[in-house]
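Residues per chain are reported as follows:
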Amino acid sequence: MRRLFPLPAPPVPAADLDSSGTGTTDPTDREWTLDELAEAYAYPAPDDPARSGCPGWLRANMVSSLDGAAHHEGRSQPLSGAADMRIFGVLRGLADAVVVGAETVRQEGYRPARAREAFAARRAAAGQGPAPAIAVVTAGLGLDFTLPLFTGPRVPTVVLTGAGAPADRVAQARAAGAEVLFAGEGLGVDPARLAGVLAGRGHRRLLTEGGPRLLGQLAAADALDEMCLSLAPVVALGDAPRIMNGPAVPVPERFTLASVLEEAGFLFTRYRRS
């Protein structure tokens, strides 16, 4: 892996260099450690001006083919690669909660996030639990509550829905061990309220993995703070949606490029809200 932007990077403190004299600012192509990736993708500090007025920080992580497909035959795995999966794991290792739409849970076969020893000390120092919670956004709660996502997580799975959600399904979710939070007055979630509701439960470092419909709703509601986009060196064709799916916004929102990494032809970009 090598850094393409920003360059030149600031010098690495001597204490952070490894035995070969390299660090995260080294532009040569080599495999970065998990600690180096964690530093590169660290959430903004609470006093960072970018977080002014934000109850939490919501970043998205998606992968896209060169022709704009968000998945191939319903799954994102065919677009991914080894470096993409390392970054996927690092982003989860830094998050308090992983926000995902109900359809993506069903399509991708979501399971509870794992507690990883590589991030244990970092998470403990940040006051985080052993693993991020999975927070499922759903209106009708059409989920299988017998799956391990609900019956066996280290951290209880969160179900985000609206106050008008079916009462019997809410009761089933709670009986299965899920924590049900209301982030809307109607049947579904108000995306503008999502981050604030999760922050109220202590989940301020937020990561969403989509799918495209949920990500489009969050972007349209001006609720997305950061976009981590992996561009895969493949062409998928087909009729897969883009990484965001929704009606056009009146004025396109501009994001600022924060960093670009490259490995094996993949580009790992990170954009922040301007």
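Structure: above.
Predicted model, so just to flag it, every value in this text is computed and none were measured.

## Some thoughts on the overall build of the chain
Part 1 of the argument: Looking only at helices and strands, one finds eight helices and 10 strands in the chain.
Part 2 of the argument: In terms of its C-alpha atoms, the chain occupies a principal-axis envelope of roughly 60 × 45 × 35 Å.
Part 3 of the argument: Counting only residues that meet the buried cut, the chain has 45% of its 274 residues in that class.
Part 4 of the argument: Taking as baseline every contact in the chain between residues at least 6 positions apart, the subset at least 24 positions apart corresponds to 68%.
Part 5 of the argument: Counting every atom, the chain has about 13100 Å² of accessible surface; 55% of that belongs to carbon and sulfur.
Part 6 of the argument: Charge centroids of the chain, computed over 27 positive and 30 negative side chains, lie 4 Å from each other.

## With respect to the layout of surface pockets
Picture a little ball the size of a water molecule; that probe, rolled over the atoms, points out where space is still empty.
Part 1 of the argument: Taken as a whole, the largest pocket holds about 1300 Å³ of empty space.
Part 2 of the argument: Lining the largest pocket are 50 residues, with Thr 104, Glu 108, Tyr 110, Glu 209 and Gly 210 positioned closest to its centre.
Part 3 of the argument: Counting only elements with at least two residues in the lining of the largest pocket, the list comes to β2 (57–64), α2 (82–94), α3 (102–108), α4 (117–125) and α8 (212–220).
Part 4 of the argument: A per-class count over the lining of the largest pocket returns 20 nonpolar, 18 polar and 12 charged.
Part 5 of the argument: The volume enclosed by the second largest pocket comes to roughly 720 Å³.
Part 6 of the argument: Ala 219, Met 244, Val 249, Glu 253 and Phe 255 are, among the 24 residues lining the second largest pocket, the residues nearest its centre.

## Remarks on the pairing of strand β8 (residues 226–231)
Part 1 of the argument: As judged from the six bridges shared by β2 and β8, these two strands associate in the parallel manner. If you follow Met 62 over to β8, its bridge partner there is Leu 229.
Part 2 of the argument: One ladder, built from six bridges, connects β8 with strand β10 (residues 266–273); its direction is antiparallel. Its bridge partner lying in β10, Cys 228 is registered against Arg 270.

## Description of the pattern of salt bridges
Part 1 of the argument: By the definition in use, this model includes 16 salt bridges.
Part 2 of the argument: Notably, a salt bridge pairs Arg 193 with Glu 185, separated by 2.9 Å at the nearest N-O pair.
Part 3 of the argument: Of the charged contacts, one joins Asp 222 and Arg 273 as a salt bridge, the two residues approaching to 2.4 Å between their closest N and O atoms. Highlighted residues: Asp 222 in the loop between α8 and β8 and Arg 273 in strand β10, separated in sequence by 51 residues.

## Some words on empty space enclosed by the protein
Part 1 of the argument: Per the stated rule, a full pass over the model turns up one cavity of 30 Å³ or more.
Part 2 of the argument: Within this model, the largest cavity holds a volume of roughly 30 Å³.
Part 3 of the argument: Lining the largest cavity we find Pro 112, Ala 113, Ala 131, Pro 132, Ile 134, Pro 153, Arg 154, Val 155 and Thr 157.
Part 4 of the argument: Taken together, the residues of the lining of the largest cavity sort by class into seven nonpolar, one polar and one charged.

## Describing the side chain of Glu 226
Part 1 of the argument: Residue position: Glu 226 is located in strand β8.
Part 2 of the argument: Only 2.9 Å separates the side chain of Glu 226 from the side chain of Trp 57, close enough to count as a polar contact.
Part 3 of the argument: Within the structure, Glu 226 has its side chain in polar contact with the side chain of Arg 59 (distance 2.9 Å).
Part 4 of the argument: When neighbours within four sequence positions are excluded, Glu 226 is seen to be in contact with Trp 57, Leu 58, Arg 59, Ala 60, Phe 255, Arg 270, Tyr 271 and Arg 272.

## Observations concerning the environment of Pro 6
Part 1 of the argument: Within the secondary structure, Pro 6 is located in the loop between β1 (2–5) and α1 (34–40).
Part 2 of the argument: Remark: the alpha-carbon pair of Pro 6 and Val 260, spanning 254 residues in sequence, is separated by 7.3 Å.
Part 3 of the argument: In this structure, Pro 6 is in contact with Ala 258 and Ser 259, ignoring residues within four places of it in sequence.

## With respect to the nonpolar core
Part 1 of the argument: Within the largest apolar cluster, 44 residues are counted, with the highest numbers of intra-cluster contacts made by Met 1, Leu 37, Tyr 41, Ile 134, Val 136 and Phe 268.
Part 2 of the argument: In terms of residue count, α2 provides more of this core than any other element does, five residues in total.
Part 3 of the argument: When sequence neighbours within four positions are dropped, the list of residues in contact with Leu 37 reads Met 1, Trp 32, Arg 86, Ile 87, Val 90 and Leu 261.
Part 4 of the argument: Core analysis: the second largest hydrophobic core is formed by 26 residues, Leu 58, Ala 60, Leu 198 and Leu 224 among them.

## Focus on unusual backbone geometry
Most peptide bonds are trans, and most residues other than glycine sit at a negative phi.
Part 1 of the argument: Of note, the amide linkage connecting Phe 5 to Pro 6 takes the cis form, showing an omega dihedral of 0°.
Part 2 of the argument: Cis peptide bonds are those with omega within 30 degrees of zero, and the linkage from Gly 210 to Gly 211 qualifies with 10°.
Part 3 of the argument: If you trace the backbone, Gly 211 turns up in the loop between β7 (205–208) and α8.
Part 4 of the argument: Residue Asp 222 is not a glycine yet carries a positive backbone phi of 60°.
Part 5 of the argument: Under the relative-accessibility criterion, Asp 222 is labelled partly exposed at 46%.

Quick notes on the rules
Residues numbered from 1 in each chain as written. Predicted model: local features only at pLDDT ≥ 70, side-chain atom pairs only at ≥ 80, totals over all residues. Heavy atoms only, no water. Helix = DSSP H or I, 4+ residues; strand = E, 2+ residues; numbered from the N terminus. Buried < 20%, exposed > 50% of the residue type's maximum accessible area, 1.4 Å probe, protein only. Contact = heavy atoms within 4.5 Å. Areas by Shrake-Rupley, 256 points an atom, 1.4 Å probe, with all protein chains shown as cover. Lys, Arg positive; Asp, Glu negative; His and termini not counted. Charge placed at Lys NZ, Arg CZ, Asp CG, Glu CD. 1 Å grid on protein atoms, 1.4 Å probe; cavity = no way out; pocket = protein on both sides within 12 Å on 5 of 7 lines; lining within 4 Å. Points joined across faces, edges and corners; volume = space filled by probe spheres on them. Nonpolar A, V, L, I, M, F, W, Y, C, P; charged D, E, K, R; others polar. Pairing = 2+ DSSP bridges. Salt bridge = Lys/Arg side-chain N within 4 Å of Asp/Glu carboxyl O. Polar contact = N/O pair within 3.5 Å; in protein donor to acceptor, adjacent residues only side chain to side chain. Core = buried A, V, L, I, M, F, W, Y, C linked by side-chain atoms within 4.5 Å.

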